[in-house]
Amino acid sequence: MWRFLARPLDRLAIRSACGSVLPSPDGHSHAAEAAALLDSPGFFAPEVGPADVQLTPKNRFYFPSPFQSDAPENNLVRGKSNLADADWRRRPSVILLHGWNAELQYEMQLPDWSRQLARAGVNAFRFELPYHGSRRPTGPDAIRNYFSGNMLHVARATHQALADTRALALWLRAQGSPSVGLWGVSLGAWLAGLATAHQPEFDLGVLLTPVARMDRALEELPFCEAIRKDLRGVAGAFHGLNLVSHPARLPRGRLLVVDAEHDLFVTRETVNELVAAHGAELWRVRHGHISVLFSGKLMRRIVQWIAETTATTRFDTTAPPA
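Criteria and cut-off values
Residues numbered from 1 in each chain as written. Predicted model: local features only at pLDDT ≥ 70, side-chain atom pairs only at ≥ 80, totals over all residues. Heavy atoms only, no water. Pairing = 2+ DSSP bridges. Helix = DSSP H or I, 4+ residues; strand = E, 2+ residues; numbered from the N terminus. Axes fitted to C-alpha atoms, helices over the stretch in contact; angles between N-to-C directions. Contact = heavy atoms within 4.5 Å. Polar contact = N/O pair within 3.5 Å; in protein donor to acceptor, adjacent residues only side chain to side chain. Buried < 20%, exposed > 50% of the residue type's maximum accessible area, 1.4 Å probe, protein only. Parallel < 35°, antiparallel > 145°, perpendicular 65-115°, else oblique. Left-handed = near helix turned anticlockwise from the far one by under 90°. Nonpolar A, V, L, I, M, F, W, Y, C, P; charged D, E, K, R; others polar. Phe/Tyr/Trp six-rings, centres within 6.5 Å; stacked < 30°, edge-to-face > 60°. Lys NZ or Arg CZ within 6 Å of the ring centre and 35° of its normal.

### Focus on the sheet that holds strand S8 (residues 255-260)
Next up, step 1: In space, the nine strands of this open sheet follow the order S1-S2-S3-S5-S4-S6-S7-S8-S9, with mixed pairing throughout. Looking along the sheet, the strands with just one partner apiece sit at the ends: strand S1 (54-56) and strand S9 (281-285). Neighbour to neighbour, the strand axes of the sheet diverge by 20 degrees on average, direction disregarded.
Next up, step 2: Pairing geometry for strand S3 (residues 76-82) and strand S5 (residues 123-127), over four bridges, is antiparallel. Bridging from a neighbouring strand, serine 81 pairs with phenylalanine 125 of S5.
Next up, step 3: Relative to the sheet, helix H3 (residues 103-119) contacts S3, strand S4 (93-97), S5, strand S6 (180-185) and strand S7 (204-208), its axis offset from that of S3 by approximately 45 degrees.

### What about the environment of tyrosine 146?
Next up, step 1: With respect to the helices, strands and loops of the structure, tyrosine 146 is situated in the loop between S5 and helix H4 (151-175).
Next up, step 2: Expressed as a C-alpha distance, the spacing of tyrosine 146 and valine 21, which sit 125 residues apart in the sequence, is 8.4 Å.
Next up, step 3: Reaching out from tyrosine 146, the side chain makes a polar contact with the side chain of threonine 158 at a distance of 2.8 Å.

### Examining the environment of phenylalanine 147
Next up, step 1: Residue position: phenylalanine 147 is located in the loop between S5 and H4.
Next up, step 2: Note on phenylalanine 147: relative accessible area 11%, which makes it buried.
Next up, step 3: Residues phenylalanine 147 and valine 271, spaced 124 residues apart in sequence, show a C-alpha to C-alpha distance of 22 Å.
Next up, step 4: Those residues in contact with phenylalanine 147 that sit more than four places away from it in its chain are Val21, Trp100, Val154, Leu187 and Met214.

### Comments concerning the packing of H4 against helix H5 (residues 187-198)
Next up, step 1: Contact pair H4 / H5: the axes reach a minimum separation of 10 Å and the direction vectors enclose 65 degrees. The orientation of H4 with respect to H5, classified from their angle, is roughly perpendicular. Both H4 and H5 take part in a crossing whose hand is right-handed. Here Thr158, Ala161 and Leu162 of H4 lie close against H5, whose contacting residues are Trp190, Leu191, Leu194 and Ala195.
Next up, step 2: Tallied by class, residues from the contact of H4 with H5 come to six nonpolar, one polar and no charged.

### Looking at the side chain of histidine 98
Next up, step 1: With respect to the helices, strands and loops of the structure, histidine 98 is situated in the loop between S4 and H3.
Next up, step 2: A distance of 3.0 Å separates a polar side-chain atom of histidine 98 from the backbone nitrogen of leucine 129.
Next up, step 3: Not counting residues up to four positions away in its chain, the partners in contact with histidine 98 are Gln105, Tyr106, Leu110, Phe127, Glu128, Leu129, His132, Val185, Leu187 and Gly188.

### Here's the deal with the packing of aromatic side chains
Given two aromatic rings, their pairing is described by the distance between the two centres and the angle made by the two planes.
Next up, step 1: Counted by the stated rule, this structure contains 11 aromatic pairs.
Next up, step 2: Between phenylalanine 43 and phenylalanine 44, the aromatic rings sit 4.8 Å apart at their centres with planes inclined by 85 degrees, giving edge-to-face as the arrangement. As far as burial versus exposure is concerned, phenylalanine 43 and phenylalanine 44 are alike and both buried.
Next up, step 3: In this structure an aromatic cluster arises from ring pairing among Phe61, Phe63, Trp88, Phe125 and Trp171.
Next up, step 4: If you follow arginine 301 out to its NZ or CZ, it ends over the ring of tryptophan 283, 3.9 Å from the centre.

### Comments concerning the packing of helix H2 (residues 31-38) against H4
Next up, step 1: One can describe the packing of H2 onto H4 by two numbers: an axis separation of 7 Å at closest approach and a directional angle of 25 degrees. Regarding the angle of H2 to H4, the classification is roughly parallel. The segment H2 lies against H4, with Glu33, Ala34 and Leu37 engaging Met151, Leu152, Ala155 and Arg156.
Next up, step 2: Here the contact of H2 with H4 is composed, by residue class, of five nonpolar, no polar and two charged.

What follows is the structure, given as structure tokens:
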């Protein structure tokens, strides 16, 4: 059934997203400043300490973002967890990163995946990415979306997401978790790919429909049309945003890429580039970018892959500094 709905669902999602990505409010792309930030030391492995995580009732937690933006709402990281058991600190952990504008995914799908991980003996932690959910700014002149024609804003949001992710991973390692992995979807898979390539705290990664070539996404996807004129002549400065531009760090068998055959967001060509560059395990499924999220069978396979990988691999429990 899904192969007949895959492309229509993707087309609907793409049309719905049109209008979400707006030109820079001041009319400038700030490409030079963005490129300088991308080239700065520690952009992909921010120099942060363990997050100051506060655990609250109902499996919730929060911590101040180690990267402070101009929007106060965006600087508090809120998340939820599902713990494997009472002795959770001795269990492996996985951080789940949701997709772009995917608040419903965060609230409705990630909880189910997290419960499955916990039942499989793996702690699951998830949090709202910058400029999503409760972290969307409310000020009249604020940029409210992760993506914008202001490329400096996009670079800062990416740096903040990577800093938040690493700080939480460092906290989990400090709690005693013997391994920490990442499971990302779409935008979250892109961020997971960047983090696992640069941050030694991570022992495994699952990239579900990853945006392997961010430059092509910005140039080709219809919902980026409003900002394309801002990027003319500067797109080449952002090859550092492509997963294929980063070295493979994880050993074979610890990076899984899941590609959807009918994906209209991500081309098979770019996924093949990523798999070849990183020596990743590839699962290709008969789905689209959206329909794949409703495959309970696939999610159970991913949970099983994570549980088996953490059970059969000997990890370094004293991850070296970046």
